[in-house]
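In case you want the letters, here they are:
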Amino acid sequence: MLKQRVITAIVLLAILLPALFYRTAVPFCVVALVLIAAGAWEWARLNAYGPMASLGAGFACVLLCVMAWDLGLLEQPLPLLWRLAGAAWVLLGAWLLRGGVTGWPRIPRTVRLVVGVLALWLAWLAVAQARVMGINFLLSVLLLVWVADIAAYFAGKAFGGRFSKGKLAPAISPGKSWEGVWGGMVGVLVLCFAWLALDASGQNLYARLVAQHGLVVTLLAVVFLAALSVVGDLVESLVKRSAGAKDSSGLLPGHGGVLDRVDALVPVLPLAMMLLTV
């Protein structure tokens, strides 16, 4: 398993890093499109669709992304779209987690499929726009999610259960604790201060937020994004548990599926774009 994880990670980095640092955004946007299409295929399978319908979901996601690209949306400000996406993630995310695993199958399957594909399309549009805005900006968003996840893991291991009476969402993801959530929030606050101190370009997420809203609002925004990364993770766990699946697929040997790797990014990417337009 460890060997598989290492080989898969090396292959992914060999593809992603040259695409990310290429002089234009095109290669990275193409790689992201392929990954998001694979995520749409996984999403359909998790919702009990057959092979052809799942491929159709992936194709529909590609079509939406290509249409947005062709219309020039990657270079256009889209404040209304990002605000709608942000509101949807906050409201629907809370509603889905409140309903739990048993509530998921009660939602019509077609609705689940369409909403999932749209969420993935919005995530692709957000990450593509972020890359167009600059590598620095994109990395500041991606690292926020990764730092939140890593800090939550270590805080949960070290302090899980010491300060809170119950788990975060025992019926959805028994391993997650409130201490992990708090640790993730502390981690992204440290990241924010470090990035502001070390990067004078003003092109990262944190500097842009400070310039628009001030430091206090920026810190609240960073904590908000960390919280929504947890929501994205829990929503995918809820869907997998409802489907009786451990991983979203086996596309990434040793790492599960694409959705397993991007679940926390799916809400955070559009919400980061939203915060810049509020």
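Residues numbered from 1 in each chain as written. Predicted model: local features only at pLDDT ≥ 70, side-chain atom pairs only at ≥ 80, totals over all residues. Heavy atoms only, no water.

Peer 1: When you look at the overall build of the protein chain in this model, what are you seeing that I'm missing?
Peer 2: When its secondary structure is counted, the protein chain shows 11 helices and 0 strands. What you see for the protein chain is a C-alpha radius of gyration of 18 Å, in line with the 19 Å of a compact globule of 278 residues. When its C-alpha atoms are laid out on the principal axes, the protein chain stretches across 50 × 50 × 40 Å. Summed over all atoms, the accessible surface of the protein chain reaches about 13,700 Å², with 72% contributed by carbon and sulfur. For the protein chain, the distance from the average position of its 20 positive side-chain charges to the average position of its 11 negative side-chain charges is 7 Å. (Helix = DSSP H or I, 4+ residues; strand = E, 2+ residues; numbered from the N terminus. Rg over C-alpha atoms; globule rule 2.2 N^0.38 Å. Areas by Shrake-Rupley, 256 points an atom, 1.4 Å probe, with all protein chains shown as cover. Lys, Arg positive; Asp, Glu negative; His and termini not counted. Charge placed at Lys NZ, Arg CZ, Asp CG, Glu CD.)

Peer 1: Looking at this structure, how should I read the environment of Gly-161?
Peer 2: Relative to the helices and strands, Gly-161 resides in the loop between α6 (135–159) and α7 (178–198). Classification of Gly-161 by relative accessible area gives partly exposed; the value is 47%. Taking the C-alpha atoms as reference points, Gly-161 and Gly-180, 19 residues apart in sequence, are found 9.5 Å from one another. (Buried < 20%, exposed > 50% of the residue type's maximum accessible area, 1.4 Å probe, protein only.)

Peer 1: Explain the packing of helix α2 (residues 26–46) against helix α5 (residues 109–133) here, please?
Peer 2: For any two helices packed against each other, one specifies the inter-axial angle together with the distance between the axes. Relative to each other, α2 and α5 sit at 165°, their axes nearing to 10 Å. With respect to each other, α2 and α5 are oriented roughly antiparallel. Viewed along their axes, α2 and α5 form a crossing whose handedness is right-handed. Every residue of α5 that contacts α2 at Phe-28, Cys-29, Ala-32, Leu-33, Ile-36, Gly-39, Ala-40, Trp-43 and Ala-44 is listed here: Arg-112, Leu-113, Gly-116, Val-117, Leu-120, Ala-123, Trp-124, Val-127, Ala-128 and Arg-131. Of the residues belonging to the contact of α2 with α5, the class tally is 15 nonpolar, 2 polar and 2 charged. (Axes fitted to C-alpha atoms, helices over the stretch in contact; angles between N-to-C directions. Parallel < 35°, antiparallel > 145°, perpendicular 65-115°, else oblique. Left-handed = near helix turned anticlockwise from the far one by under 90°. Contact = heavy atoms within 4.5 Å. Nonpolar A, V, L, I, M, F, W, Y, C, P; charged D, E, K, R; others polar.)

Peer 1: Please clarify how the pattern of salt bridges should be interpreted in this entry.
Peer 2: Side-chain pairs of opposite charge can arise where the charged atoms are in close proximity. Tallying each qualifying case throughout the model produces 3 salt bridges. Taking the shortest distance from any N to any O, the salt bridge between Lys-240 and Glu-236 comes out at 3.7 Å. Here the residue Lys-240 and the residue Glu-236 both occupy positions in helix α9 (residues 215–243), the gap between them amounting to 4 residues, near one helical turn. As far as burial versus exposure is concerned, Lys-240 and Glu-236 are alike and both buried. A salt bridge links Lys-240 to Asp-260, with the nearest nitrogen and oxygen atoms 2.8 Å apart. Of this pair, Lys-240 sits in helix α9 while Asp-260 sits in helix α10 (residues 258–262), and the two are 20 residues apart along the sequence. One network of salt bridges, in which partners are shared, links Glu-236, Lys-240 and Asp-260. (Salt bridge = Lys/Arg side-chain N within 4 Å of Asp/Glu carboxyl O.)

Peer 1: Hey, could you run me through the packing of helix α4 (residues 79–103) against helix α11 (residues 265–275) in this one?
Peer 2: Where α4 meets α11, the closest approach of the two axes is 8 Å, and the angle between their N-to-C directions is 135°. One element, α4, and the other, α11, form an angle in the oblique class. In this structure, α4 crosses over α11, and the sense of that crossing is left-handed. Side by side, α4 and α11 meet where Trp-82, Arg-83, Ala-85, Gly-86 and Trp-89 of the first sit next to Val-266, Pro-267, Pro-270, Leu-271, Met-273 and Met-274 of the second. Its residues assigned to classes, the contact of α4 with α11 shows 9 nonpolar, 1 polar and 1 charged.

Peer 1: What exactly am I supposed to notice about the packing of aromatic side chains here?
Peer 2: Aromatic ring pairs are described here by two measures, namely the spacing of the ring centres and the angle between the planes. Scanning all chains against the criterion turns up 4 aromatic pairs. With a centroid separation of 5.8 Å and 45° between ring planes, the pair formed by Trp-69 and Trp-124 is classed as tilted. Within this pair, whereas Trp-69 is found in helix α3 (residues 51–70), its partner Trp-124 is found in helix α5, the two being separated by 55 residues in sequence. With relative accessibility at 26%, the residue Trp-69 sits in the partly exposed group. What makes Trp-124 buried here is its relative accessible area of 0%. Seen in terms of ring centroids, Tyr-153 and Phe-154 are 5.2 Å apart; in terms of plane orientation they differ by 80°. Their pairing is edge-to-face. Residue Phe-154 is classed as exposed on the basis of its relative accessible area of 54%. The positively charged end of Arg-109 is found above the aromatic ring belonging to Tyr-49, 4.0 Å away from the centroid. (Phe/Tyr/Trp six-rings, centres within 6.5 Å; stacked < 30°, edge-to-face > 60°. Lys NZ or Arg CZ within 6 Å of the ring centre and 35° of its normal.)

Peer 1: Hey, could you run me through α9 in this one?
Peer 2: Because the α-helix completes a turn every 3.6 residues, residues three or four places apart line up on one side. Helix length check: α9, at 29 residues, gives a terminal C-alpha distance of 42 Å against a target of 42 Å (1.5 Å per residue), a fit within 8%. Where α9 terminates, the next one or two residues include Gly-244, which has phi positive at roughly 70°. (Expected span 1.5 Å × (residues − 1).)

Peer 1: What's the story with a nonpolar patch on the surface in this structure? I'm lost.
Peer 2: A cluster of nonpolar side chains, contributed by Leu-92, Trp-95, Val-111 and Val-115, occupies part of the molecular surface with about 370 Å² of accessible area. Elements that contribute at least two residues to the nonpolar patch include exactly α4 and α5. Take Val-111: its relative accessible area is 42%, and that puts it in the partly exposed class. (Patch = residues over 30% accessible without salt bridge, like charges linked within 9 Å, V, L, I, M, F, W, Y side chains within 5 Å.)

Peer 1: Which parts of the structure should I look at to understand the nonpolar core?
Peer 2: Note that soluble globular proteins tend to have their nonpolar side chains buried in a common cluster. Among the nonpolar cores identified, the biggest contains 87 residues, and Trp-124, Leu-125, Leu-144 and Leu-205 are the most heavily contacted of them. Those residues within four positions of Leu-125 in sequence are excluded, and the remaining contacts are Ala-68, Leu-73, Leu-74, Leu-78, Leu-81 and Trp-82. (Core = buried A, V, L, I, M, F, W, Y, C linked by side-chain atoms within 4.5 Å.)

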